[in-house]
Amino acid sequence: MPAALSLTRAQLGSIYDHALRHRPEEACGILAGDADGSVQRVFRMENAEHSSTFYMMDSQEQFQVFDQIEQDGLQLVAIFHSHPHSPAYPSARDCELAFYPDALYMIVSLMDGRPASRVFSIRDGAVEEAWLLVSGE
Ligand SMILES: [Zn+2]
């Protein structure tokens, strides 16, 4: 599992834009890329729950994205979602619903007005922080 998530500034901007646009609902999506954690594609997805306190990806959309990732020869690197009113730390429910032990979980907090993010691995309910690297462009 990659110990770091590597995003370009443009990718990070795209994630933040998605989070801000859907406020006060949580926004979510999938980051696909290489085994070293470098993201190649950002999939901005619908929160099927339209809730401000949790998210659930639409299963049909998630299936299509996983299919696309495979076609592109990429892998699932991370799942991101926003916390409109709480810190960038996994909730109890986030831990319960962390079904991908090999993926990283990026959480974008909007509670301070502008987006702030942290990245974690969540395995069997154990939360460990990982690096978020943002490069140039
Ligand atoms: Zn959450």
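Refer to the structure printed above.
Quick summary incoming for the structure in this document. The shown structure was predicted, so the numbers you read here are calculated from the model rather than taken from an experiment.

We now examine the overall build of the protein. When its secondary structure is counted, the protein shows three helices and seven strands. Written out in order from the N terminus, the α and β elements of the protein read β-α-β-β-α-β-α-β-β-β. Its C-alpha atoms give the protein a radius of gyration of 14 Å, near enough to 14 Å, the size a compact globule of 137 residues would have. In terms of overall dimensions, the protein has a C-alpha envelope of 35 × 35 × 30 Å along the principal axes. The buried share of the protein, reckoned over its 137 residues, is 43%. For the protein, restricting intrachain contacts to residue pairs at least 6 apart in sequence, the fraction spanning at least 24 positions comes to 66%.

Bringing the coordination of the zinc ion into the picture now. Within the protein, His81 (NE2), His83 (NE2), Asp94 (OD) and Asp94 (OD) serve as the donor atoms for the zinc ion, at 2.0 to 2.6 Å. One can describe the donor arrangement at the zinc ion as irregular, given that its four donor atoms subtend angles of 55 to 159° at the metal. Here His81 falls in the buried class, since its relative accessible area comes to 2%.

Right, let's talk about the side chain of Asn47 for a bit. As for its position among the elements, Asn47 is in the loop between strand S3 (39-45) and helix H2 (59-71). By relative accessible area, Asn47 is classed as buried at 4%. In this structure the side chain of Asn47 is engaged in a polar contact, spanning 3.1 Å, whose partner is the backbone oxygen of Phe54. In contact with Asn47, not counting residues within four places along its chain, are Glu26, Cys28, Phe54, Tyr55 and Met56.

For the rest of this paragraph, the subject is the sheet that holds strand S2 (residues 28-33). Reading across from one edge, S1-S7-S6-S5-S4-S2-S3 is the order of the seven strands in this open sheet, with mixed pairing throughout. With partners counted over all chains shown, the strands left at the sheet margins are strand S1 (4-8) and S3, one partner each. The average angle at which neighbouring strand axes cross in this sheet is 30°, direction not considered. Relative to strand S4 (residues 75-83), S2 is paired through six bridges, and the arrangement is antiparallel. For Cys28, the partnering residue across the bridge sits in S4 and is His81. Against the sheet, H2 touches S2, S3 and S4, its axis set at about 165° to S3.

Take the nonpolar core next. Of all hydrophobic cores here, the largest spans 18 residues; its most connected members are Ile30, Phe43, Met57 and Ile69. Secondary-structure elements contributing two or more residues to this core are S2, S3, H2, strand S5 (104-109) and strand S6 (116-123). At three residues, the largest contribution of residues to this core is made by S2. Apart from residues no more than four positions distant in its own chain, Met57 is found in contact with Cys28, Gly29, Ile30, Met45, Glu46, Ala48, Gln62 and Ile79. Within the second largest apolar cluster, 17 residues are counted, among which are Leu12, Ile15, Tyr16 and Met106.

Rules behind the numbers
Residues numbered from 1 in each chain as written. Predicted model: local features only at pLDDT ≥ 70, side-chain atom pairs only at ≥ 80, totals over all residues. Heavy atoms only, no water. Helix = DSSP H or I, 4+ residues; strand = E, 2+ residues; numbered from the N terminus. Rg over C-alpha atoms; globule rule 2.2 N^0.38 Å. Buried < 20%, exposed > 50% of the residue type's maximum accessible area, 1.4 Å probe, protein only. Contact = heavy atoms within 4.5 Å. Donors = N, O, S within 2.8 Å, 3.2 Å for Na, K, Ca; no water. Tetrahedral: all angles 85-135°; square planar, octahedral: opposite > 155°, others 65-115°. Polar contact = N/O pair within 3.5 Å; in protein donor to acceptor, adjacent residues only side chain to side chain. Pairing = 2+ DSSP bridges. Axes fitted to C-alpha atoms, helices over the stretch in contact; angles between N-to-C directions. Core = buried A, V, L, I, M, F, W, Y, C linked by side-chain atoms within 4.5 Å.

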